[in-house]
Each structure stands twice: as structure tokens, then as C-alpha cells.
Amino acid sequence: MSSSIALTYIAAAVLFILGIKFLSSPKTARYGNLLAAFGMLIALVATIPLLGTGETSLLKHGWNLSYTLMVVGIVIGLIIGAIGAYSVKMTAMPQMVAAFNGLGGGSAALVASLEFLRRANSPEGITTFFATTMLFATLIGSLSFSGSIIAFLKLEGKFEKPHTFPGQNVLNGLILAVILGLCVYLTGWVTTNTTAFIVMFLLALVFGVAMVMPIGGADMPVVISLLNSFTGLAVAADGFTISNISMIVAGTLVGSSGTLLTLLMCQAMNRPVTNVLFGAFGSTTSGSGAAGGDAAGKTVKPIQADEAALLLSYAQQVVIVPGYGMAVAQAQHQVRELSDELGKRGVEVRFAIHPVAGRMPGHMNVLLAEANVPYDQLCEMEAINPTMDRVDVCLVIGANDVVNPAAREDKSSPIYGMPIIEADHAKTVIVMKRSMAAGFAGIENLLFYKDNTRMLFGDAKASLTALVAAVKAS
Amino acid sequence: MSTEILVFFIFVLSIFLGFELISRVPSMLHTPLMSGTNAIHGIILLGGMLVLADAHNTLTTALGFVAVVFGSANVFGGFMVTDRMLQMFKKKKK
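Residues numbered from 1 in each chain as written. Chains lettered and ligands numbered in written order. Predicted model: local features only at pLDDT ≥ 70, side-chain atom pairs only at ≥ 80, totals over all residues.

Notes on the overall build of chain B
Selection rule: Strands are runs of DSSP state E lasting at least two residues, helices are runs of H or I lasting at least four, and both sets are numbered from the N terminus onward. Within these notes, the globule rule equals 2.2 Å times the number of residues to the 0.38 power, and the radius of gyration is based on C-alpha atoms. With C-beta atoms placed from the backbone, the exposure class of a residue follows from how many other C-beta atoms lie within 10 Å of its own: 20 or more, buried; 12 or fewer, exposed; in between, partly exposed. Note that contacts rest on C-beta atoms placed from the backbone: two residues are in contact if these are within 7 Å.
In terms of helices and strands, chain B carries four helices and zero strands. Scaling as 2.2 N^0.38, a compact globule of 94 residues should have a C-alpha radius of gyration of about 12 Å, whereas chain B reaches 18 Å, well beyond that. For chain B, the spread of C-alpha atoms along the three principal axes comes to 55 × 40 × 15 Å. The burial tally for chain B puts 61% of its 94 residues in the buried class. Looking at chain B alone, contacts between residues at least 24 apart form 59% of all its contacts between residues at least 6 apart.

Next up, the structure:
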């Protein structure tokens, strides 16, 4: 590598670092993303002189079929990426991140596999060091690929419930043991046994599916974040394999910051990461039957839109708790309209954002921002809870588990100990919900049966439109 | 000190740097941050380009081509989807 290429790679690395740094603050986030993108562009350009070795070298021997395919491939990827990024609805953002992450993982696995095939057939052979990095990148990359696809499908609503069967952990353990055995065989003996390598590749794909299937759809953000850091590590390992320092630095940065981000997300749900990955959240729902049983004897109190509108218009303080239901119904604009109408009547409206509301941390902020809800109306859970006793009406829009008092009261509940927005402390709670179906965690919500709770059934968008009309009329 | 050790040295330092970089992130930025870092590991496109340039038969060319398509979708889609998310944060400041 010439020193000018090396210097360009350093510049790209600095831009990635600054990019991630700026992405952690709301004011500079967009700028940070553009910086990182610019870093990527110069890293790509700097790589052009490195393309090809010997008679395939681009600089020495010029264009060949591979380079045509390369340009075509980049353009196809660009088109897929642009269509994915700009056509996707804001509610489907999490899936999109999962999909892009899976593609990156697949690419990382293919790069390592190709390098293995090349070295296996070349006189230079493979050293233990390179065998290790290639196997690591293949293993992690392909499990990130298949795992992300499952995460994508789960968020799309396909088999979102956890899939478990007896002996599943044993079977997964066995698959992992075979994979690791093959890895030891391939690295320890530094063999070029291609069959063993392909078997390992396929098993890693199976393992990615087996790892994500038992995890409930509600935990997908954590899974995607984890797979994101996995892909980062696979890319770093690829960087070692093909001696590309910019891939090592970028991949490692993503790997370690992604790991920390995963832990932060788990912290917000008050659950250890092992519990998310191996707990098979859904399987404990049968254990929480007690909570469901308690609730079965109680009744909910429905409310109509016009009565709810009166409650809201004559309140002094209103807190709105948005959740996934708002996202599904695409009701963020109606929510803004309601909040504006109430504001005109002198009602103080705030939004309480739970760290894991929706399907991704920050999901609600993104949607409300799209509807132009001012920054200062959005409050974090910690800020809003101490003031909840003074709130007249708490309007829960399609949120469920994040306001479930079972997290505080019912020790047998799987979400016990998770920090919640204490909606039930408000004088009146109005819950907008399509039906009495349980939330994403599959558990009964005790909030619905409280004396101060009223249920406003129906699609969030339709209910909100009715509410806005009723508030305007009052 | 060999090149391998130097590279490994950079690797270890990068691990710590990654941890330090995002110690204080408000939860509303978790998704854009995840999406942004997702785009950064799209640098695997470089790897795809390098192995495709070295491909010597139909199989390796085909696989290298797939690697380039995947990597390209990861990097371009990743940055664009992140920008789209962040655009919305900006709009609400007015």
C-alpha cells in the first residue's frame, strides 16, 4: 500500500470516528452521518488503485470483465439501497436497518469465503492466523445474514411470536458445537478442505435462524443492534484477511460501539442481554397466567370519543403516551393536531416517550418529529414520572407494555422490574386501543382494569380524528 | 515490531475507541446511531470489490459480484435511510 492510500484511509477513519461522535447528539447527528458518508466515499476512491493483483491489476493491465461487473454490481446495490431507503414507511425503518445489516453480513461472509477459496488453491497457502480471521468472518457474517432476515420477517409481522420447542437449546448448542469443531479442524490443521468450509458456512446460516427464531418480536431492536455489531466484527476480521486497514478500523468501531448500544438498550428494558437472547421471552407468558387470571374477573370501562374530548378540553395538564399502535395506524399527524387544538385551549400537553416504545428506541421521536411536534414537548420517562400525580388526563395511544403496572406490582410477570411510564398515577387514563388483545410481550395489562382507566376502542387514526372534531366542537 | 502486531495494536485501540465514542447517547438517537453504524460497516463493499477484482473463475466471479451488490446496498441504503431519519429531527426544530 502506498503512503498516499494509507493517508487517505486514515482520513476516512477520522471521518468515521467524528461521524459516530456527532451522531450521538441531536444537533449534530445529521452532519455526523454526512461526514461518515464522505469518509466512505474517499475510502472507496482510495481503494481503486489497489484493485486486482498480477495480470488482473486495474492500474497495470486495465479493464476486464470483473470491473464491468463491479460497476454493474455497485449500481444495482445503489438502486436497491435507494429504493429501500426512500420508499419505506417511517414505521418500517427498523426492518430496513435489519435488511441492510443482513446484506452487509452476507457480503462479509462471501468475501471471507472467496479469500479462503483463493488461498486454498494458491501456492502461498493459508496460515493459522488467516484461517482464524476467515473462519470468524464467515461464521459471524453468515449468521448475521440469516439472523437479520428472520428479524426482518418478524418485524414484518411474520411469525413474530417466539418459536420454541423442547430441547431447542440443546439442539442449538449441538449446532454451535459442530460449527466450532469444524473451525478448530480448519484452523488447527490449516487444511484447505473446501467441503468442511462449505458445511461450516451452511451451518452458520442455520444457526443464525435458530438463534433468532425463539426471540419474540418485541426484542428485535436488541437483536438487530447485536447483529449490527456482529457484522462490524465480521468486517474487521475480513480486514485482517485481505489486509485492509480501513476495514479493520471501521468494522471494529461498529463492533464495539454496537455492543455498547445493545447493552444500553437492554438497560432501558431493565433486562440482562442473556435474558433477551436465551430467555425465550414468550415462553414465560404461560407463567404469567396468574396476572391474566386476576384480570379475568374484572371489567374494563369503555368511553366514547365525545366524552373523552370533554375530559381532555377541560384538563389543565395532559400527557400523551405514544406506542407502536400509533405507528401502525400512521396517526402521528392526528396526534399533533389534537395536541395543537388542546394547546389553543390553554391545556398543557406533553408527550411521554418510553425508551423502548415502538419497535426501536427513538422510534416515537422520529414519528412525532415527522409530524412537526416541537422538541420541548417530548419528555423522557424519568422526567415525566415524578410529575404524573398532577396530570389530569393521560392519553395512551397504542402503547401497552411500557405502561403496564404489572412491571411494578406483579412479581410473576415477565416484565417485572422494567421501568414504565406511570400512566396509572394520572387522575384519568384514556387508553386508545384496537381491541383487548395482549401487547407485544403477550401479557395482560393491569392498567386497563384500573378504576381511573377508560378504554377508547378503535383504530388510533379514526379515534383521534373523532377526538379532534369533538374537541373543536366543544 | 511486525506489521501484523501493529495492525493488531490498531484493532485493540479501535475497540476501546468504539466504547468511548458513544458513552452518552440520548435514547431517541439510538435508532439513528444504530442505522449510521450499520452504514459504516458497509465498508465491506471495499472487500467485495477487492475479491471480485481477484476472481479467477465463474464461481468466484459470481460470488464476488453478489458480495459487491450486497455491500453496495448496505452502504448506500444505510447512509440514505439514516439521513432520512435524521432529516425529521431537523425539521421539528423550527
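Having seen the model, we can carry on.
Points about the overall build of chain A
Within chain A one finds 19 helices and six strands. Reported as C-alpha extents along the three principal axes, the dimensions of chain A are approximately 80 × 50 × 35 Å. Counting all 474 residues of chain A, 54% fall into the buried class. Within chain A, contacts between residues at least 6 apart in sequence are counted, and of these 79% link residues at least 24 apart.

A short note on unusual backbone geometry
Of all residues except glycine, most have a negative phi; of all peptide bonds, most are trans. All names here are of chain A. Located in the positive-phi region is Ser 243, a residue other than glycine, with phi close to 50°. As for its placement among the helices and strands, Ser 243 is situated in the loop between helix 9 (220–241) and helix 10 (245–268). Residue Ser 243 is classed as partly exposed on the basis of its 15 C-beta neighbours within 10 Å. One non-glycine residue, Asn 372, lies in the positive phi region at around 65°.

Concerning the confidence of the model for chain B
Definition in use: The predictor's confidence in any single residue is recorded as pLDDT, a number from 0 to 100.
Looking at chain B as a whole, its pLDDT mean stands at 87, while 91% of the residues score no less than 70. Ranking the elements of chain B by mean pLDDT puts helix 4 (residues 58–91) of chain B last with 89 and helix 3 (residues 44–53) of chain B first with 94.

Focus on the packing of helix 5 (residues 93–120) of chain A against helix 9 of chain A
Residues and elements named next belong to chain A. Spelled out, the test is: Fitted lines through C-alpha atoms give the axes, limited to the stretch in contact for helices. The angle between two N-to-C directions lies from 0 to 180 degrees. Angular relationships are summarised with four words: roughly parallel below 35 degrees, roughly antiparallel beyond 145, roughly perpendicular across 65 to 115, and oblique for the angles in between. Left-handed describes a crossing in which the near helix is turned anticlockwise from the far one by less than a right angle; the clockwise case is right-handed.
Remark: helix 5 packs on helix 9, axes separated minimally by 9 Å, with the N-to-C direction vectors making an angle of 25°. As judged from the angle between their axes, helix 5 and helix 9 are roughly parallel. Viewed along their axes, helix 5 and helix 9 form a crossing whose handedness is left-handed. Contact residues: helix 5 offers Pro 94, Val 97, Ala 98, Asn 101, Gly 104, Gly 105, Ala 108, Ala 109, Val 111, Ala 112 and Glu 115, while helix 9 offers Met 220, Pro 221, Ile 224, Leu 227, Asn 228, Phe 230, Thr 231, Ala 234, Val 235, Asp 238 and Thr 241.

A closer look at the interface of chain B and chain A
Test applied: Any residue outside Ala, Val, Leu, Ile, Met, Phe, Trp, Tyr, Cys, Pro, Asp, Glu, Lys and Arg is labelled polar, Gly included; the first ten of those are nonpolar and the last four are charged.
In this complex, chain B contributes 75 residues to the contact, which on the side of chain A involves 97 residues. Elements that contribute at least two residues to the side of chain B that touches chain A include exactly helix 1 (3–21), helix 2 (30–40), helix 3 and helix 4 of chain B. A per-element tally of the side of chain B that touches chain A places helix 4 of chain B first, with 31 residues. Looking at the side of chain B that touches chain A, its residues break down into 44 nonpolar, 23 polar and eight charged.

Section: the packing of helix 10 of chain A against helix 1 of chain B
Running from N to C, helix 10 of chain A and helix 1 of chain B cross one another at 35°; their axes reach a closest spacing of 7 Å. The two elements helix 10 of chain A and helix 1 of chain B cross, and the hand of that crossing is right-handed. Between helix 10 of chain A and helix 1 of chain B, the residues in contact are Ile245(A), Ile248(A), Val249(A), Thr252(A), Leu253(A), Gly255(A), Ser256(A), Ser257(A) and Leu260(A) and Val7(B), Ile10(B), Phe11(B), Ser14(B), Ile15(B), Leu17(B), Gly18(B), Phe19(B) and Leu21(B), respectively. Broken down by class, the residue content of the contact of helix 10 of chain A with helix 1 of chain B amounts to twelve nonpolar, six polar and no charged.

A look at the sheet that holds strand 4 (residues 393–397) of chain A
Residues and elements named next belong to chain A. As a reminder of what qualifies: Pairing between strands is defined by DSSP: at least two bridges between them are needed.
One open sheet holds the six strands; their spatial order is 3-2-1-4-5-6, and the pairing between them is parallel. Either end of the sheet is taken by a strand with one partner, and the two such strands are strand 3 (378–380) and strand 6 (453–457). Averaged over all adjacent pairs, the angle separating strand axes in this sheet is 25°, with direction ignored. Summarising the sheet, strand 5 (residues 428–433) and strand 6 pair through five bridges and their orientation is parallel.

Section: helix 16 (residues 363–370) of chain A
Among the eight residues that make up helix 16 of chain A, eight are buried, leaving the element largely enclosed by the rest of the structure. Phi for Asn372(A), located one or two positions after helix 16 of chain A, is positive at around 65°.

Brief notes about the nonpolar core
Note the threshold: Note on terminology: a nonpolar core is a set of buried residues of type Ala, Val, Leu, Ile, Met, Phe, Trp, Tyr or Cys, with members joined through C-beta atoms within 7 Å.
Among the nonpolar cores identified, the biggest contains 187 residues, and Phe16(A), Ala151(A), Val321(A), Cys394(A), Val396(A), Ile397(A) and Ile43(B) are the most heavily contacted of them. Setting aside anything within four residues of it in sequence, one finds Ala151(A) in contact with Ala98(A), Val212(A), Met220(A), Val223(A), Ile224(A) and Leu227(A).

Some details on the pairing of strand 5 of chain A
Residue and element names in this part refer to chain A. Counting buried positions over the six residues of strand 5 gives five, a clear majority of the element. Bridge analysis of strand 4 against strand 5 gives five bridges, and the strand direction is parallel. Bridge pairing links Val 396 to Val 431 in strand 5.

With respect to helix 10 of chain A
To keep things clear, this is the line we draw: A helix is expected to span 1.5 Å for every residue after the first.
For helix 10 of chain A, which comprises 24 residues, the first-to-last C-alpha distance of 35 Å matches the rise-based estimate of 34 Å (1.5 Å per residue) to within 8%. Counting buried residues along helix 10 of chain A, 19 of its 24 residues qualify, which places the element largely inside the surrounding structure.

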